[in-house]
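# Observations on chain architecture
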Amino acid sequence: MLSFNKPFISGNEINYIQEVLNSGSLSGNGKFTKKCQKFFEDRYHFKKCFLTSSCTDALEMISLLINIEPGDEVIIPSYTFVSTANAFYIKNAKIIFADSKKENPNIDPHEIKKLITKKTKAIVVVHYAGIACDMDAILEIAAGQGIYVIEDAAHGIDSYYKKQPLGSIGHLGTLSFHETKNICSGEGGLLIINDERFLQRAEIISEKGTNRTAFFKGEIDKYGWVDAGSSFYPSEIIAAFLFAQLENLEKIQKKRKIIWEMYRNGLNKLHDSGKIFIPHLENCTTNNAHMFYFLCCDKEARKELLYYLKSNNIQATFHYQALHCSEFYISKFGSISLPNAEHYSEVLIRLPMYFELEFHQVEYVIKKIHDFYNKN
Ligand SMILES: *Cc1c(COP(=O)(O)O)cnc(C)c1O
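Let me sum up the structure you'll find in this document. (Residues numbered from 1 in each chain as written. Predicted model: local features only at pLDDT ≥ 70, side-chain atom pairs only at ≥ 80, totals over all residues. Heavy atoms only, no water.)

### Some remarks on the overall build of the chain
Basically, it comes down to this: A run of DSSP states H or I qualifies as a helix once it reaches four residues; a run of E qualifies as a strand once it reaches two. Both are numbered from the N-terminal end. The globule rule is 2.2 Å times the number of residues to the power 0.38, and the radius of gyration it is compared with is taken over C-alpha atoms. Only protein chains enter the accessibility calculation, which uses a 1.4 Å probe. A residue is then buried if its area is under 20% of the maximum for its type, exposed if over 50%, and partly exposed in between. Here, two residues are considered to be in contact whenever any of their heavy atoms come within 4.5 Å of each other. Each accessible area is a Shrake-Rupley estimate made with a 1.4 Å probe; only the visible protein chains count as cover when residues are assessed. None of His or the chain ends enter the tally, which takes Lys and Arg as positive and Asp and Glu as negative. A charged residue contributes its charge at one atom only: NZ of Lys, CZ of Arg, CG of Asp or CD of Glu.
The number of helices and strands found in the chain is 14 helices and twelve strands. For 376 residues, the compact-globule formula gives about 21 Å, and the C-alpha radius of gyration of the chain, at 21 Å, lands near that figure. When each of the 376 residues of the chain is scored for burial, the buried share is 56%. Partitioning the contacts of the chain with sequence separation of at least 6, the portion at a separation of at least 24 is 71%. About 16,800 Å² of surface is accessible on the chain, with carbon and sulfur atoms providing 52% of the total. The positive charge centre, built from 43 side chains, and the negative charge centre, built from 44, are 2 Å apart in the chain.

Here is the structure:
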């Protein structure tokens, strides 16, 4: 079976982990954690980064940082991973789902506008497949109203909106290093702080609500409990693994982009003849080849294509089930209709995409998709 995903392993992970084991210090916020954070601060000019145990954790840290209180409204795309919403739900925010755009699954600024109230505390955007949301329009809606803009850039590593790296545009941003992402550490994430107001509290929150970081910097002579907080740093073993990956970022990205282009060119005819729809990339965004997806004509066509590919040993897959359709959401907030998000839930299909995928395998996938549409 040609698998859908396979985590990239550079080979150096084990050496860096050995270095950590030899050092006798395994807990978080040590040498490799700092090296990873510095990598991001240097390469993307992020003001300050905090390595976390997951992107989910980074989002939960944000809900603490912006002081979510019961009843605060947070506008989120419905077509996303559950963590985007849960991080705010667990602090009793009212989750307000906005629909996706017609052109791609990103949140639609026109829909956001309709949902703003006096209680809106934050807008959380998700750059789906590493393709940037309409950030200028979204920042403009939030500006002057004291609304925070948060970027869930879990898919967005090394991708840009008008030359600005994803994650650097809102007040706060997050990345994911889950094994399904371009760069991985099994589980892992990053909190990106762009607004200096959050810096000091982020240090405290990430150190379980203590001023331990200030203590280690020699700014105070003892540390204690000063605020809410939790355990967000991953261990040095994870950070060591991640650093080996980061050293290979360019190599990984180059290969993934070649695969992405092969799919795009190989399936272009089916797009032109209207059998499938491959979203067009707008000029304001780059593509980090996190994912290759397209839309089938309807639910039935997707089901048959997935089945056909599976019977040809290709593991393709659908993606999110729009969160507003979940039983959990309906039981808490009631039924709503978001046609575009529902449509993506029904017709979107993702193809195998990972560093080790070989070109003849990509060609095989393309050929099988053509075979499917030629016989239908
Ligand atoms: C993967 C993902 C997450 C969660 O990332 P973890 O690191 O697994 O917690 C959150 N949001 C989106 C959009 C994702 O794709």
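### Here's the deal with the packing of helix 3 (residues 55–65) against helix 7 (residues 199–206)
Between two packed helices, both the angle of their axes relative to each other and the distance between the axes serve to describe the pair. Cut-off, in case you're wondering: Geometry is summarised by axes, namely lines fitted to C-alpha atoms with helices restricted to the contacting stretch, and by angles between N-to-C directions that run from 0 to 180 degrees. Here is the rule for angles: anything less than 35 degrees is roughly parallel, anything more than 145 is roughly antiparallel, 65 through 115 is roughly perpendicular, and the remaining ranges are oblique. Each crossing gets its handedness from the near helix: less than a right angle anticlockwise from the far helix is left-handed, clockwise is right-handed. Amino acid classes used here: Ala, Val, Leu, Ile, Met, Phe, Trp, Tyr, Cys and Pro are nonpolar; Asp, Glu, Lys and Arg are charged; the rest, including Gly, are polar.
Running from N to C, helix 3 and helix 7 point in directions that differ by 120 degrees, and their axes come no closer than 10 Å. The orientation of helix 3 with respect to helix 7, classified from their angle, is oblique. Where helix 3 crosses over helix 7, the two elements pack in a sense that is right-handed. Of helix 7, the residues touching helix 3 (which contributes Met-61, Leu-64 and Leu-65) are Arg-201, Ala-202, Ile-205 and Ser-206. For the contact of helix 3 with helix 7, the class distribution of residues is five nonpolar, one polar and one charged.

### Some thoughts on the environment of Asp-108
Stated precisely, the cut-off is as follows: Residues adjacent in sequence count toward polar contacts only when both atoms are side-chain atoms; beyond that, a polar contact is any pair of N or O atoms within 3.5 Å, and within protein one must be able to donate a hydrogen and the other to accept it.
Residue placement: Asp-108 occurs in the loop between strand 3 (94–98) and helix 5 (109–115). With near-sequence residues (within four places) excluded, Asp-108 lies in contact with Asp-99, Ser-100 and Lys-101. In this structure the side chain of Asp-108 is engaged in a polar contact, spanning 2.9 Å, whose partner is the backbone nitrogen of His-110.

### Focus: the site of the ligand
To keep things clear, this is the line we draw: When at least one non-hydrogen atom of a residue lies within 4 Å of a molecule or strand, that residue is treated as near it.
Around the ligand lies a shell of 15 residues, among which Thr-56, Asp-152, His-155, Ser-176 and Lys-181 are the nearest. Measuring from an oxygen atom of the ligand, one finds a side-chain N or O atom of Thr-56 at 2.5 Å. Contact with the protein chains covers 94% of the free accessible surface of the ligand, which is 380 Å². The residue inventory of the shell around the ligand, partitioned by class, reads five nonpolar, eight polar and two charged.

### Let's talk about the sheet that holds strand 10 (residues 276–277)
Defined as follows: Any two strands between which DSSP finds at least two bridges are classified as paired.
Spatially, 10-11-12 is the arrangement adopted by the three strands of the open sheet, whose pairing is antiparallel. Each edge of the open sheet carries a strand with a single partner, namely strand 10 and strand 12 (348–350). One ladder, built from three bridges, connects strand 11 (residues 293–296) with strand 12; its direction is antiparallel. Across the sheet, Leu-295 pairs through a bridge with Leu-348, a residue of strand 12. Each of strand 11 and strand 12 touches helix 11 (residues 299–311); the most contacted strand, strand 12, lies at about 20 degrees to it.

### Quick word on the sheet that holds strand 9 (residues 189–193)
Strand order in the open sheet formed by seven strands is 1-9-8-5-4-2-3, and the pairing between neighbours is mixed. The open sheet has two edge strands with one neighbour each: strand 1 (48–52) and strand 3. Here the strands of the sheet are splayed against their neighbours by 20 degrees on average, with no regard to which way each runs. Judged from the five bridges that link them, strand 8 (residues 172–176) and strand 9 form a sheet pairing that is antiparallel. Opposite Thr-174, over in strand 9, you have Leu-191 as the bridge partner. Across the sheet, helix 2 (residues 31–44) lies against strand 1, strand 8 and strand 9, angled at about 135 degrees from strand 1, the strand it touches most.

### Things to note about the nonpolar core
Rules: Nonpolar cores are built from buried Ala, Val, Leu, Ile, Met, Phe, Trp, Tyr and Cys residues. Side-chain atoms within 4.5 Å join them into one set.
Judged by nonpolar contacts, the single largest core of 49 residues is most densely connected at Phe-40, Ile-123, Ile-138 and Phe-177. Broken down by element, this core gets its largest block of residues, seven residues, from helix 9 (residues 236–246). Excluding residues that lie within four positions of it along the chain, Ile-138 makes contacts with Ile-107, Pro-109, Ile-112, Ile-123, Val-125, Cys-133 and Val-149. In this structure, Tyr-128, Leu-172, Ala-341 and Leu-348 belong to the second largest nonpolar core, which totals 47 residues.

### A word on the packing of aromatic side chains
Note on aromatic pairs: each is described by the distance of the centres and the angle between the planes. Filter applied, for reference: The criterion for an aromatic pair is that two Phe, Tyr or Trp rings (for Trp, the six-membered ring) have centres within 6.5 Å, with stacked assigned to planes under 30 degrees apart, edge-to-face to planes over 60 apart and tilted to the rest. Only Lys NZ and Arg CZ are tested; either one counts as a charge over a ring when it is within 6 Å of the ring centre and within 35 degrees of the ring normal.
A complete count under the given rule lists 26 aromatic pairs for this structure. Both rings, one in Phe-39 and one in Phe-40, keep their centres 5.4 Å apart while their planes meet at 80 degrees; by these two values the pair is edge-to-face. For the pair Phe-39 and Phe-40, one class covers both residues: buried. With a centroid separation of 5.1 Å and an interplanar angle of 35 degrees, the aromatic rings of Tyr-263 and Phe-292 are classed as tilted. Residue Tyr-263 is found in helix 10 (residues 249–272), and its partner Phe-292 is found in the loop between strand 10 and strand 11; the two are separated by 29 residues along the sequence. Counting every residue linked through ring pairs, the aromatic cluster contains Phe-39, Phe-40, Tyr-44, Phe-46, Tyr-160 and Phe-177. Above the plane of the ring of Phe-359 lies Lys-255, whose end atom (NZ or CZ) is 5.4 Å from the centre.

### Things to note about the state of the cysteines
To be explicit about the condition: Cysteine sulfur atoms are paired as a disulfide whenever they come within 2.5 Å of each other.
Per the stated rule, a full pass over the model turns up zero disulfides. The closest cysteine sulfur to the non-disulfide-bonded Cys-133 is located on Cys-284, 10 Å from its own sulfur. Taking the relative accessible area as the measure of exposure, Cys-133 reaches 1% and is therefore buried.

### Some thoughts on a negative patch on the surface
Formally: Distance thresholds for patches are 9 Å for like charges and 5 Å for nonpolar side chains (Val, Leu, Ile, Met, Phe, Trp, Tyr), applied to residues having over 30% relative accessible area and no salt bridge. For this document, the term salt bridge refers to a Lys or Arg side-chain nitrogen within 4 Å of an Asp or Glu carboxyl oxygen.
A grouping of Asp-298, Glu-300, Glu-304 and Glu-346 is seen on the molecular surface, where their side chains present a negatively charged patch. Following the sequence through the fold, Glu-300 ends up in helix 11. Assessed through its relative accessible area of 44%, Glu-300 is described here as partly exposed.

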